[in-house]
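Below are the chains, spelled out letter by letter.
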Amino acid sequence: MNQLTDKQAIRQIIRQRRRDFFGARAGKQWSLPEDRFGQMLDRGTILASYFPHGSEADPEPVVRMALGALATIAYPRVDADGLMRFYTFGPSRSLCRDTANMLAPGKDAWLSRPDVILLPLVAFDRTGTRLGQGGGHYDRAIAALGQLPAPEHTAIARPPIVRIGIAWSVQEHPPLPRDPWDIPLDHIITEQEWITP
Ligand SMILES: Nc1nc2c(c(=O)[nH]1)N(C=O)[C@@H](CNc1ccc(C(=O)N[C@@H](CCC(=O)O)C(=O)O)cc1)CN2
Ligand SMILES: Nc1ncnc2c1ncn2[C@@H]1O[C@H](COP(=O)(O)OP(=O)(O)OP(=O)(O)O)[C@@H](O)[C@H]1O
């Protein structure tokens, strides 16, 4: 099997597992297995979350922690040019359906550059490989953010964006295929544990 069909086969298996797990869970609520945010989140940090879809894990416990630290929350939006960007809510706090048909901040939202990104995923492995929906949205968005110049008047390079996968424990898979464009995760948080490859 080549890498492409490999990825697709794994997506099918894990999506089914995720649906079964989600369907059987009486309480969909979960809490963070441990608080390791420490220095990661504080006033002024921009944290990108996402609106969960279907049986995806809900990043709500992480968002609640971030709001407590006075961080700002951003959400992804797939724009008409097919590129995904991150936005914080504008004055109207309106939502729209983006071109991927996901809930997203509306027209007046502000384009932003997150410091920490929570990534939805289909499957992950312990080395930080992430298998998403197959659109390549997150890999392309993070690659584009990395190319932005540092803020004006500073000689200091931007710190790298921290990437945290959010998943149910059943989405773990033995070593996944990794393509050259796949940007690895720094951490994975499940309802059971915090994994740092
Ligand atoms: N909650 C969430 N928001 C997100 C993403 C995501 O994966 N999850 N994305 C990540 O790139 C972007 C949108 N891209 C997407 C690309 C494809 C599909 C899709 O085809 N979904 C299928 C399968 C769902 C399932 O069973 O798991 C579907 O809706 O039928 C959805 C979103 C941005 N926002
Ligand atoms: N940095 C990049 N530049 C150009 N193309 C890219 C980049 N990253 C990914 N792609 C393209 O996106 C396609 C899908 O990639 P992949 O299967 O890894 O998606 P995914 O990470 O599972 O999806 P998603 O992030 O949307 O959930 C690939 O065919 C690849 O060519």
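Bear in mind that the values here come from a model prediction, so they are computed numbers and not experimental data.

1. Details of the site of ligand 1
Now for step 1: In the vicinity of ligand 1 there are 16 residues, among which Arg15, Arg18, Phe51, Glu56 and Met102 approach most closely.
Now for step 2: Separating a nitrogen atom of ligand 1 from a backbone N or O atom of Phe51 is a distance of 2.7 Å.
Now for step 3: With respect to ligand 1, the side chain of Gln133 contributes an N or O atom lying 3.1 Å from an oxygen atom.
Now for step 4: When residues of the shell around ligand 1 are traced back to their parent elements, those giving at least two are helix H1 (3-24) and helix H3 (137-146).
Now for step 5: The element best represented in the shell around ligand 1 is H1, accounting for three residues.

2. Notes on the UniProt feature "binding site: substrate" (unreviewed entry) in the protein
Now for step 1: Summarizing the sequence annotation, UniProt attributes the feature "binding site: substrate" (unreviewed entry) to Glu56 in the numbering used throughout.
Now for step 2: Structurally, Glu56 is set in the loop between strand E1 (46-48) and helix H2 (60-68).
Now for step 3: Residue Glu56 is classed as buried on the basis of its relative accessible area, which comes to 6%.
Now for step 4: Sequence-distant contacts of Glu56, defined by excluding residues within four places in its chain, comprise Arg18, Tyr50, Phe51, Pro120, Gln133 and Trp168.

3. Looking at the packing of aromatic side chains
Now for step 1: Per the stated rule, a full pass over the model turns up seven aromatic pairs.
Now for step 2: Residues Trp30 and Trp168 carry aromatic rings whose centres are separated by 6.3 Å and whose planes lie at 65° to one another, so their mutual orientation is edge-to-face. Residue Trp30 is located in the loop between H1 and E1, and its partner Trp168 is located in the loop between strand E10 (162-166) and strand E11 (187-189); the two are separated by 138 residues in the primary sequence.
Now for step 3: Considering the side-chain rings of Phe37 and Trp194, the 5.1 Å spacing of their centres and the 65° angle between planes classify their relative orientation as edge-to-face. Here Phe37 is found in the loop between H1 and E1, whereas its partner Trp194 is found in strand E12 (residues 194-195), with 157 residues between them in sequence.

4. Focus: the site of ligand 2
Now for step 1: Taken together, 16 residues are adjacent to ligand 2, and Arg11, Arg130, Gly132, Gln133 and His137 come closest.
Now for step 2: At 3.3 Å from an oxygen atom of ligand 2 is found a side-chain nitrogen or oxygen belonging to Asp139.
Now for step 3: When the free accessible area of ligand 2 is taken as 660 Å², the share hidden by the protein chains comes to 72%.
Now for step 4: Looking at the shell around ligand 2, the elements that each hand over two or more residues are H1, strand E9 (130-131) and H3.

5. Here we look at the pattern of salt bridges
Now for step 1: Applying the stated criterion across every chain yields a total of ten salt bridges.
Now for step 2: In this structure, Arg85 and Asp81 form a salt bridge, with 2.6 Å as the shortest nitrogen-oxygen distance.
Now for step 3: A network of salt bridges, in which partner residues are shared, links Arg77, Asp79, Asp81 and Arg85.

6. Considerations on H3
Now for step 1: Along H3, the positions that sit buried rather than exposed are Tyr138, Asp139, Ala141, Ile142 and Leu145. End-on, the buried residues of H3 take up no more than an arc of 170°, which puts them together on one face.

Conventions used here
- Residues numbered from 1 in each chain as written.
- Chains lettered and ligands numbered in written order.
- Predicted model: local features only at pLDDT ≥ 70, side-chain atom pairs only at ≥ 80, totals over all residues.
- Heavy atoms only, no water.
- Near = heavy atom within 4 Å.
- Polar contact = N/O pair within 3.5 Å; in protein donor to acceptor, adjacent residues only side chain to side chain.
- Helix = DSSP H or I, 4+ residues; strand = E, 2+ residues; numbered from the N terminus.
- UniProt positions renumbered as here; feature names shortened; annotations may be inferred.
- Buried < 20%, exposed > 50% of the residue type's maximum accessible area, 1.4 Å probe, protein only.
- Contact = heavy atoms within 4.5 Å.
- Phe/Tyr/Trp six-rings, centres within 6.5 Å; stacked < 30°, edge-to-face > 60°.
- Areas by Shrake-Rupley, 256 points an atom, 1.4 Å probe, with all protein chains shown as cover.
- Salt bridge = Lys/Arg side-chain N within 4 Å of Asp/Glu carboxyl O.
- Arc of directions from axis to C-beta.

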